[in-house]
Amino acid sequence: MATEKINTEIVTLTRFLNEEQTKHKEATGDFTLLCHALQFSFKSIAYYIRRASLINLGGLAGSSNTTGDDQKKLDVIGNDLFIAAMRSCGRVKVLVSEEEEEAIVFSDNPNARYAVACDPIDGSSNLDAGVSVGTIFGIFKLPEDAKGTKEELLKPGTELVAAGFTMYGASAQLVLTMRGGPVNGFTMDNALGEFILTHPNMQMPKKRAIYSCNEGNSKYWEEPVLEWCNSVKQADKPYSLRYIGSMVADAYRTLLYGGIFAYPADKKSPKGKLRILYECAPMAMVFENGESTVRAC
Ligand code: P6P
């Protein structure tokens, strides 16, 4: 019986980032160091999520965040880990986090040239049920004369220089894309403590009969949304409904399998529930860059 061929052509995230830097002659290494700090924060968060039930980290922290969500203990820990990683790399001037009332300006990084928007643990209401949650991030490059204000972060998603998310499942899955570039997927090898390039140049299948939305909100939907939802349910080959309620998990499945994910604005949330800066814009960059160039099958 043939022995399983061991994969010896291993590209770690560290190697990938260092090689990416060599493609830009003007690169100073700041962006690379920022991404190394990002990967450290994902490894740290993954560690605590994996152990949460063992060290009593489940449940509520007894506080709420800026958007009124009840904070889980892991929300607070994930936020603290992320902030520490962004501060200590010295390449981030200002950080906006879903878990923080105000933008954080790192005064000890006065020459830093990047701003980061993040949702440290998106979908955390699902944590105690063992459902995959994730960290969503977007990176902006600041102008030379930036003061480090939150207004400098309030830019259209098209100005992001990089974005992505890490889904904390059986192993952490990182999806990373840079402006105009491909979407690359990395899987955390827990034994080695390394993110390994496992999904180079991810392209979402053009056609897949899956729709993903919370139909529990349908009584609040506008008429066109109701018509769309009924159209996929009444199609000749009705779509399958897959909805996890953790955006990172729904997004990762949609990127891999195809389909439609939607969280429409409704009468309860006329401006929509998902946050533009650290949920919608980073995801939009991933899905635009991951749009399949293959004609629909
Ligand atoms: P609902 C999690 O709080 C989140 O922002 C996304 O991760 C997820 O897609 C959505 O809310 C789920 O919202 O109302 O369906 O529970």
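How each quantity is defined
- Sequence order sets the numbering: in each chain, residues are counted from 1 along the sequence as written.
- The model is predicted, so local features are restricted to residues of pLDDT at least 70 and side-chain atom pairs to those at 80 or more, both for listing and for counting; the totals for chains, interfaces and linings are taken over all residues.
- For the side-chain quantities, the full set of heavy atoms in the structure was used; hydrogens and water were omitted.
- Helical segments are the DSSP runs of H or I of at least four residues, strand segments are the runs of E of at least two, and each set is numbered from the N terminus.
- UniProt positions are given in the numbering used here, feature names are shortened, and annotations may be inferred rather than shown by experiment.
- The buried label goes to any residue with under 20% of its type's maximum accessible area, the exposed label to any with over 50%, and the partly exposed label to all in between, with areas taken from a 1.4 Å probe on protein chains only.
- Two strands qualify as a pair provided DSSP detects at least 2 bridges between them.
- In these notes, a set of buried Ala, Val, Leu, Ile, Met, Phe, Trp, Tyr and Cys residues joined through side-chain atoms within 4.5 Å is what counts as a nonpolar core.
- Throughout this description, the term salt bridge denotes a Lys or Arg side-chain nitrogen within 4 Å of a carboxyl oxygen of Asp or Glu.
- Proximity is defined per residue: any heavy atom of the residue falling within 4 Å of a molecule or strand makes that residue near it.
- We call two N or O atoms a polar contact when they sit within 3.5 Å, provided that within protein one can donate a hydrogen and the other can accept it, with sequence-adjacent residues counted only if both atoms are side-chain atoms.
- Under the convention used here, a 1.4 Å probe and the Shrake-Rupley method define accessible areas, while residue burial counts only the protein chains that appear.
- Classification used: nonpolar for Ala, Val, Leu, Ile, Met, Phe, Trp, Tyr, Cys and Pro, charged for Asp, Glu, Lys and Arg, polar for all others including Gly.
- Geometry is summarised by axes, namely lines fitted to C-alpha atoms with helices restricted to the contacting stretch, and by angles between N-to-C directions that run from 0 to 180 degrees.
- Angles are sorted into four bins: roughly parallel if under 35 degrees, roughly antiparallel if over 145, roughly perpendicular if 65 to 115, and oblique for all others.
- Handedness of a crossing is defined here by the sense of rotation of the near helix relative to the far one, left-handed for an anticlockwise turn of less than a right angle and right-handed for a clockwise turn.
- Throughout, a contact is declared for two residues whenever any of their heavy atoms are within 4.5 Å.
- Each aromatic pair joins two rings of Phe, Tyr and Trp (for Trp, the six-membered one) with centres within 6.5 Å, and gets the label stacked for planes under 30 degrees apart, edge-to-face for over 60, and tilted for any other angle.

Trainee: Got a sec to walk through unusual backbone geometry? Specific residues and values, please.
Mentor: Despite not being glycine, N201 shows a phi value in the positive range, around 50°. The topology assignment puts N201 in the loop between β10 (194–199) and β11 (210–212).

Trainee: Summarise the UniProt feature "domain: Fructose-1-6-bisphosphatase class 1 C-terminal" (unreviewed entry) in the protein; cite the residues concerned and give the values.
Mentor: Those places that UniProt annotates as "domain: Fructose-1-6-bisphosphatase class 1 C-terminal" (unreviewed entry) correspond, in this numbering, to residues 204–289. Spanning residues 204–289, this segment combines 42% helix with 8% strand, and its end C-alpha atoms are found 9 Å apart.

Trainee: Could you give me a rundown of the pairing of strand β8 (residues 172–178), with the residues and numbers involved?
Mentor: The buried count for β8 comes to 7 of 7 residues, which makes it a mostly enclosed element. Neither face of β8 is left uncovered, since the one carrying A172, L174, L176 and M178 and the one carrying Q173, V175 and T177 both have all their residues buried. Sheet topology note: the strand β7 (residues 162–168)/β8 ladder contains 7 bridges and is antiparallel. Bridge assignment links F165 to a residue of β8, and that residue is V175. Hairpin connection, β7 to β8: the antiparallel pair is bridged by 3 residues. With 5 bridges joining them, β8 and strand β9 (residues 183–189) adopt antiparallel strand pairing. Bridge pairing links T177 to V183 in β9. Hairpin connection from β8 to β9: 4 residues lie between these consecutive antiparallel strands, with G180 at a positive phi of about 75°.

Trainee: How would you explain the nonpolar core if you had to name every residue and give the values?
Mentor: In terms of nonpolar packing, the biggest core is built from 42 residues, with L34, M86, L95, I139 and L176 touching the most fellow members. A total of 9 residues in this core trace back to one element, the largest contributor, which is helix α2 (residues 30–51). Of all hydrophobic cores here, the second largest spans 15 residues; its members include F165, V183, M204 and M283.

Trainee: Break down the pattern of salt bridges for me, with residues and values.
Mentor: Two side chains that carry opposite charge are able to pair once their charged atoms sit near each other. Counting across every chain of the model gives 11 salt bridges. The shortest N-O distance in the salt bridge between R275 and E98 comes to 3.1 Å. One end of the pair, R275, is in the loop between β13 (260–261) and α6 (276–289); the other, E98, is in the loop between β3 (92–97) and β4 (104–105), and 177 residues separate them in sequence. Among the residues examined, R275 registers a relative accessible area of 16% and is labelled buried. For E98, a relative accessible area of 4% puts it in the buried group. What emerges from the salt-bridge pattern is a single network uniting E9, R15 and E19.

Trainee: Help me get a handle on the site of the ligand, residues and values and all.
Mentor: Taken together, 13 residues lie near the ligand, and D122, N214, Y243, M247 and Y263 sit nearest. At a separation of 2.8 Å, an oxygen atom of the ligand approaches a polar backbone atom of M247. Here an oxygen atom of the ligand and a side-chain polar atom of Y263 are 2.6 Å apart. Contact with the protein chains removes 81% of the 400 Å² of surface that the ligand exposes when unbound. Here the residues of the shell around the ligand are counted per class, giving 5 nonpolar, 4 polar and 4 charged.

Trainee: Please set out the packing of α2 against helix α3 (residues 73–88) residue by residue, giving values where relevant.
Mentor: Contact geometry for α2 and α3: axes closest at 9 Å, N-to-C directions at 155°. In terms of axis orientation, α2 runs roughly antiparallel to α3. Relative to α3, α2 is oriented so that their crossing is right-handed. Taken together, the residues of α3 that come into contact with α2 (itself represented by L34, A37, L38, S41, F42, S44, I45, Y48 and I49) are L74, I77, G78, L81, F82, A85 and M86. When grouped by side-chain class, the residues that make up the contact of α2 with α3 number 13 nonpolar, 3 polar and no charged.

Trainee: Just give me the short version of the sheet that holds β9, but keep the residues and values in it.
Mentor: Spatially, the 8 strands line up as an open sheet ordered β4-β3-β5-β6-β7-β8-β9-β10, and their pairing is mixed. With partners counted over all chains shown, the strands left at the sheet margins are β4 and β10, one partner each. Sheet topology note: the β3/β4 ladder contains 2 bridges and is antiparallel. Along β4, the bridge assignment pairs L95 with I104.

Trainee: So what's going on with the packing of aromatic side chains? Residues and values would help.
Mentor: Counted according to the given criterion, the structure contains 6 aromatic pairs. Taking 5.1 Å as the distance between ring centres and 70° as the angle between the ring planes, the aromatic pair formed by F16 and F186 counts as edge-to-face. Placement of the pair is F16 in helix α1 (residues 13–22) and F186 in strand β9, with a sequence separation of 170 residues. The residues F16 and F186 share a single accessibility class, namely buried. The interplanar angle of 35° and the centroid separation of 5.5 Å between the aromatic rings of F42 and F137 together place this pair among those described as tilted. A residue pair is termed long-range when its members are at least 10 positions apart, and F42 in helix α2 and F137 in strand β6 (residues 133–141) qualify at 95 residues. For F42, a relative accessible area of 1% corresponds to the buried category.

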